[in-house]
Amino acid sequence: MPLETTKFDIQDHIKTAEEQAAYIQAALEEGDPAFLAKALGDVARARGMTQVARDAGVTREALYRALSATGDPRLSTLMGVLAALGLRLHIAPASG
């Protein structure tokens with residue numbers, strides 16, 4: 001009997017602002033820029049990419065490209081998206 005699976009969709013797990021912020025924080029802590037861009041894209045799609053792009057001051061198409069797995073958003077785009085999502089970036093010393 002084959003194993004039956006269901007499709008995982010992150011949108012089902014990041015419905016509140018707190019869940020979305022925790023997801024982005026976890027992506028940031030991974031230290032992988034591509035994963036951070038993907039997480040920001042996932043949250044932007046959960047909130048409505050058109051509105052996030054408008055609030056960030058970029059086109060929807062440019063935002064999709066920047067937040068794709070192969071995208072490399074400029075710092076200004078990153079800061080605009082964070083502001084559009086109502087989030088702030090905090091820096092803390094790395095424990096070690």
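Residues numbered from 1 in each chain as written. Predicted model: local features only at pLDDT ≥ 70, side-chain atom pairs only at ≥ 80, totals over all residues. Heavy atoms only, no water.

Draft legend 1. Representation of the overall build of the chain in the model. What the chain contains, in helices and strands, is 5 helices and 0 strands. Over its C-alpha atoms, taken along the principal directions, the chain stretches across nearly 50 × 40 × 25 Å. A total of 96 residues make up the chain; the buried ones form 31% of that total. Contacts spanning at least 24 positions in sequence make up 48% of the contacts within the chain whose residues lie at least 6 apart. Charge centroids of the chain, computed over 10 positive and 12 negative side chains, lie 8 Å from each other. (Helix = DSSP H or I, 4+ residues; strand = E, 2+ residues; numbered from the N terminus. Buried < 20%, exposed > 50% of the residue type's maximum accessible area, 1.4 Å probe, protein only. Contact = heavy atoms within 4.5 Å. Lys, Arg positive; Asp, Glu negative; His and termini not counted. Charge placed at Lys NZ, Arg CZ, Asp CG, Glu CD.)

Draft legend 2. Layout of the layout of surface pockets. The computed volume of the largest pocket comes to approximately 340 Å³. Along its surface, the largest pocket is lined by 15 residues, and Q25, L28, R88, L89 and H90 are the ones closest to its centre. Sorting the residues of the lining of the largest pocket by element identifies α1 (17-30), α2 (33-47) and α5 (75-84) as the ones contributing at least two each. Counted by class, the lining of the largest pocket contains 11 nonpolar, 2 polar and 2 charged residues. (1 Å grid on protein atoms, 1.4 Å probe; cavity = no way out; pocket = protein on both sides within 12 Å on 5 of 7 lines; lining within 4 Å. Points joined across faces, edges and corners; volume = space filled by probe spheres on them. Nonpolar A, V, L, I, M, F, W, Y, C, P; charged D, E, K, R; others polar.)

Draft legend 3. Spotlight on the pattern of salt bridges. A full pass over the atoms with the stated rule returns 3 salt bridges. A salt bridge links D42 to K38, with the nearest nitrogen and oxygen atoms 3.0 Å apart. With D42 and K38 both in helix α2 and 4 residues apart, this pair spans about one turn of that helix. Residue classification places D42 among the buried positions, given a relative accessible area of 4%. On the accessibility criterion, K38 (38% relative accessible area) is partly exposed. The salt bridge partner of R60 is E61, with a shortest N-O separation of 3.6 Å. Its relative accessible area of 43% is what places E61 among the partly exposed residues. Taken together, the shared-partner salt bridges in this structure form one network comprising K38, D42 and R45. (Salt bridge = Lys/Arg side-chain N within 4 Å of Asp/Glu carboxyl O.)

Draft legend 4. Here's a closer look at the packing of aromatic side chains. Per the counting criterion, the structure on display carries 1 aromatic pair. Each ring, one from Y23 and one from F35, has its centre 6.3 Å from the other, and the planes form 80 degrees; the classification is edge-to-face. Pair noted here: Y23 is in helix α1 and F35 is in helix α2, with a separation of 12 residues, a long-range link. The class for Y23 is buried, based on a relative accessible area of 14%. (Phe/Tyr/Trp six-rings, centres within 6.5 Å; stacked < 30°, edge-to-face > 60°.)

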